[in-house]
Amino acid sequence: MNTIEVEELSRNFGQLVAVDRVSFQVAEGEIFGFLGPNGAGKTTTINMLCTLLALSGGRAIVNGYDVVRQRSEVRHSIGLVFQEPALDEYLTAEQNLRFHAYAYNIPKELREKRIGKLLELVELSDRRKSKVRTFSGGMKRRLEIARGLLHNPRVLFLDEPTLGLDPQTRRLIWDYILALRKENNLTIFLTTHYMDEAENSDRISIIDHGRIIALDTPDKLKDALGGDVITLKAVDNNAAALELKERYPELSSGPSPVVQNGVITFSVPQGEKFLPKLMDSFQSHLLSIGIRRPTLDDVFLNLTGRAIRDEEAGFKEQMKGMVMRRGHGR
Amino acid sequence: MEEVFRGMWVVAYRELLRFVQERSRIFSSFAMPLLFLVIFGAGFNRIIGAMTPGVDYIQFMYPGIIAMTVLMSSVMSGLSIVWDREFGFLKEILVAPLGRSGIVLGKAAGSATVAVIQGIVMLVLAPFLGVSLSPLMVIELIPMLIIISLSLSGLGVLIASRMRSQQGFQIIVQIIIMPMMFLSGVFFPVNNVPTWMEVISKINPLTYSVDAIRQLFLGKEIAGMGGTMGQAGNAIGVTVFGHTMTILQDVLVVVILGVVLLSIATWSFSKQE
């Protein structure tokens, strides 16, 4: 049975179409990743699945319940970790969990036992009586994960679970998540714009401008690019890209060369064999050559023509990059 | 139905938990009413004293100050909703299986409890101001304060139901609450004033709350003096279309208003975006 079934789900905010006829299924026990830049519609989708936001169109079933007609049943059966912390900072860790237990009607005999067990799992037992405002970002997130699991939900929604956390804490939080999945056959729906984080998913759905543009396992998405990714830096990138296309027409069958962030990126089936050929006869003056296995970033770049991280970089940074590149060329 | 009750009690429970832990909030809600009592009392006692025959001005103002304390902490319950929205905790409440009307009623009940406690603490001042206080009066006052604060928290929640920022809420509160306070008969009787002011006073819910508490304190004989005496200029009581309101009628007005405010607040709050 599928834990989540979504059909033609849409949401508009006035003129803006935030989520545009999205359809997908998530199987029980699966980690399903929603990957896309900020503003792609990830949080809007989660909010609709969690009954926090009305649907503009389509249908969504979570744990067999309709998110519009059976809100209460949906709410009982899901756990949620929000993108922004949603703890009462003036209460202690324990009080936050107890509030949650009351709200979800957890029987008294189970309540304290589960609170103790989950605090132990996220290694916050010694801080259970501390006010949450004294916690670090990572501790708060861990407490939220514990809270999201307190009422034994069958599916856990994680909206950017490690946003703003340092790499070490991110690793730690993922250890918890993966352990949980193993232990309880928990279904996990997560959104992220971190590529490496998305790799933890069983399947990834890439979303951009409110639409799903690809949906598959991380390996298959990368394999679809066809082999290795080659990056070239030339004195004149555009001329070099043109020469590539003319000289190797077979490249256009795969992802064609893209000039992005001062480098030309393209992929070939066997990079180690392609490079010697290239160096023998290439006319344009090259500054550097790189070869690597494809990442999800390449997948996104290939699908949309731009990198996810570009969305993060401010205008200023992009300007700086342009100026530097120009200076380099002369 | 069960979800409505559970929503009501968990939200009220948290409200009280927060109140107990935020000591500063306990004191800050007394500051303004006390300030008014001391400064206005000292400054206006001789000047306005003549308007309230047989009653000292401070004794006249004191019941109103209690109503004002209740108003402040009731409406401020709305602020905690905006606060929760800004700091994300509201999402935790909204995604839980709780009835929306329960959440609104829980906020109202929680803040009503706080407001009643604060109103009762204000009673400590009574002996110093020469206001006579009997155990019976305190017993009568408590249900009255509960009704008033429930009703006024409806106003606070209603304002908060669509507000996104604390600043915005504070501004609205300044615009609504300040005139409500000054035109409610706390500081001067609302019968001997220009017509426009009288009209606003008579549609102001706080006027009836103040009047009810005042009648309780000063006795029906003095506070109930209205149009019946034939000299409206000296009246302390509230007259509507020539009829002087009794305590029960005052309370009834507050109850009706409370039901209306809380219903609209629930509707506005539960409308899904």
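Counting of residues starts from 1 at the beginning of each chain's written sequence and follows it residue by residue. Chains and ligands are labelled sequentially in the order written, the chains with letters from A and the ligands with numbers from 1. Owing to the predicted nature of the model, reporting of local features is limited to residues with pLDDT of at least 70; listing and counting of side-chain atom pairs is limited to 80 or more, with chain, interface and lining totals taken over all residues.

Caption draft 1: View of the overall build of chain A. Counting secondary structure elements, chain A contains 13 helices and 14 strands. Taken over the C-alpha atoms alone, chain A extends approximately 75 × 40 × 40 Å along its principal axes. To sort residues by burial, count the other C-beta atoms lying within 10 Å of each one's C-beta; a count of 20 or more means buried, 12 or fewer means exposed, and anything in between means partly exposed. C-beta atoms are built from the backbone. With 330 residues in all, chain A has 39% of them scored as buried. Once C-beta atoms have been placed from the backbone, residue pairs whose C-beta atoms lie within 7 Å are recorded as contacts. Across chain A, every contact between residues at least 6 apart in sequence was considered, and the portion connecting residues at least 24 apart equals 70%. Numbering of helices and strands runs from the N terminus, with a helix taken as a DSSP run of H or I at least four residues long and a strand as a DSSP run of E at least two residues long.

Caption draft 2: Expanded view of unusual backbone geometry. Residues and elements named next belong to chain A. In this structure, Glu123 is a non-glycine residue whose phi angle is positive, near 55°. One can find Glu123 in the loop between helix H4 (108-121) and helix H5 (137-149). Exposure remark for Glu123: the 13 C-beta atoms within 10 Å place this residue in the partly exposed category. With a phi angle near 50°, His209 is a residue other than glycine that sits in the positive phi range. Tracing the chain through its elements places His209 in the loop between strand S9 (203-208) and strand S10 (211-216). C-beta crowding within 10 Å serves as the criterion here: with 15 such atoms nearby, His209 is assigned to the partly exposed category.

Caption draft 3: Quick peek at helix H7 (residues 166-182) of chain B. All names here are of chain B. In this analysis, the expected span of each helix is defined as 1.5 Å times one less than the number of residues it contains. With 17 residues, H7 should cover 24 Å at 1.5 Å per step; its first-to-last C-alpha distance of 23 Å lies within 8% of that length. At Gln174, H7 shows its largest kink, close to 30°. Turning to H7, its buried residues number three or more, namely Phe169, Val173, Ile177, Met180 and Met181. Throughout, bend refers to the angle between the axes fitted to the seven residues that end at a position and the seven residues that start at it.

Caption draft 4: Structural detail: the sheet that holds S10 of chain A. Residue and element names in this part refer to chain A. Note: two strands are recorded as paired if DSSP finds a minimum of 2 bridges between them. Strand order in the open sheet formed by six strands is S6-S7-S8-S3-S9-S10, with mixed pairing between adjacent strands. At either margin of the open sheet sits one strand with a lone partner, and together these are strand S6 (78-81) and S10. Averaged over neighbouring strand pairs, the angle between their axes works out to 15° when direction is ignored. As paired strands, strand S7 (residues 155-159) and strand S8 (residues 187-192) are joined by five bridges and run parallel to one another. Across the sheet, Phe157 pairs through a bridge with Phe189, a residue of S8. To define axes, lines are fitted to C-alpha atoms, for helices over the stretch in contact only, and angles between the resulting N-to-C directions are given on a 0 to 180 degree scale. Packing against the sheet, helix H1 (residues 42-49) makes contact with strand S3 (31-35), S7, S8 and S9, and its axis sits at approximately 150° to S7.

Caption draft 5: Examining the interface of chain A and chain B more closely. The partner chain B presents 20 residues to the 22 residues of chain A that form the contact. Looking at the side of chain A that touches chain B, the elements that each hand over two or more residues are helix H2 (71-77) and helix H3 (93-103) of chain A. Partitioned by chemical class, the residues of the side of chain A that touches chain B number 15 nonpolar, four polar and three charged. Classification used: nonpolar for Ala, Val, Leu, Ile, Met, Phe, Trp, Tyr, Cys and Pro, charged for Asp, Glu, Lys and Arg, polar for all others including Gly.

Caption draft 6: How the structure looks around the environment of Arg154 of chain A. Residues and elements named next belong to chain A. Within the secondary structure, Arg154 is located in the loop between H5 and S7. Given 18 C-beta atoms within a 10 Å radius, Arg154 is considered partly exposed. When the C-alpha atoms of Arg154 and Val67 are compared, they prove to be 15 Å apart, with 87 residues separating the residues in sequence. The contacts of Arg154, once residues within four sequence positions are left out, are Thr3, Asn63, Ser77 and Thr187.

Caption draft 7: View of the pairing of S8 of chain A. All names here are of chain A. Counting buried positions along S8 gives six out of six residues, so the element sits mostly inside the fold. Relative to S8, S3 runs parallel, the two being bridged by five bridges. Among the inter-strand pairings, Phe32 is bridged to a residue of S8, identified as Phe189. For a crossover, the right-handed case is the one in which the path from the first strand over the helix to the second runs clockwise, viewed with the strands pointing away from the viewer. Between the parallel pair S7 and S8, the chain is carried across by helix H6 (residues 167-184), and the sense of this crossover is right-handed.

Caption draft 8: Molecular detail of the packing of H5 of chain A against H6 of chain A. Residues and elements named next belong to chain A. At a minimum axis separation of 10 Å, H5 and H6 run at an interaxial angle of 15°. If you check the angle between H5 and H6, you find them roughly parallel. For the pair H5 and H6, the crossing hand works out as right-handed. Within the contact between the two elements, H5 uses Gly138, Arg141, Arg142, Ile145 and Leu149 and H6 uses Thr169, Ile173, Tyr176 and Leu180. In the contact of H5 with H6, the residues fall into five nonpolar, two polar and two charged. To sort the angles, those under 35 degrees are grouped as roughly parallel, those over 145 as roughly antiparallel, those from 65 to 115 as roughly perpendicular, and the leftovers as oblique. Left-handed describes a crossing in which the near helix is turned anticlockwise from the far one by less than a right angle; the clockwise case is right-handed.

Caption draft 9: Fine view of the pairing of strand S13 (residues 263-268) of chain A. Residues and elements named next belong to chain A. Across the six residues that make up S13, a large majority, five, are buried. Relative to S13, strand S11 (residues 228-234) is paired through five bridges, and the arrangement is antiparallel. Along S13, the bridge assignment pairs Leu232 with Ile264. Where strand S12 (residues 258-260) folds back on S13, the antiparallel hairpin that results is connected by two residues, among which Asn261 adopts a positive phi of roughly 55°.

Caption draft 10: Spatial organisation of H3 of chain A. With eight of eleven residues buried, H3 of chain A lies mostly within the body of the structure. The elements touched by buried residues of H3 of chain A are H4 and H5 of chain A together with helix H1 (2-21) of chain B. Residue Asn105 of chain A follows H3 of chain A closely and has a positive phi angle near 55°.

Caption draft 11: Seen up close, the domain arrangement of chain A. Residues and elements named next belong to chain A. Structurally, chain A comprises domain 1 (2-218) and domain 2 (225-329). Its C-alpha centre places domain 1 at a distance of 36 Å from the equivalent point of domain 2. Between domain 1 and domain 2, the residue contacts involve twelve residues of the former and nine residues of the latter. Counting residues per element, the ones that place at least two in the side of domain 1 that touches domain 2 are helix H7 (195-198), S9 and S10. The class makeup of the residues in the side of domain 1 that touches domain 2 is eight nonpolar, two polar and two charged. An automatic or database domain assignment supplies the residue ranges for each domain.

Caption draft 12: Molecular detail of the sheet that holds S12 of chain A. Residues and elements named next belong to chain A. Across the sheet, four strands lie side by side as S12-S13-S11-S14; this open sheet has antiparallel pairing. Edge positions in the open sheet fall to S12 and strand S14 (286-292), since each of these has one partner strand only. Looking at each pair of strands side by side, their axes are set apart by 25° on average, direction ignored. Seen against the sheet, helix H9 (residues 237-247) touches S11, S12 and S13 and runs at an angle of roughly 20° to S13.

Caption draft 13: Region of the structure containing the environment of Met181 of chain B. All names here are of chain B. Here Met181 shows up in helix H7. Residue Met181 is classed as buried on the basis of its 21 C-beta neighbours within 10 Å. Sequence separation between Met181 and Met72 is 109 residues; the distance between their C-alpha atoms is 9.6 Å. Met181 has contacts with Met68, Leu71, Val186 and Leu206, leaving out every residue within four places of it along the chain.

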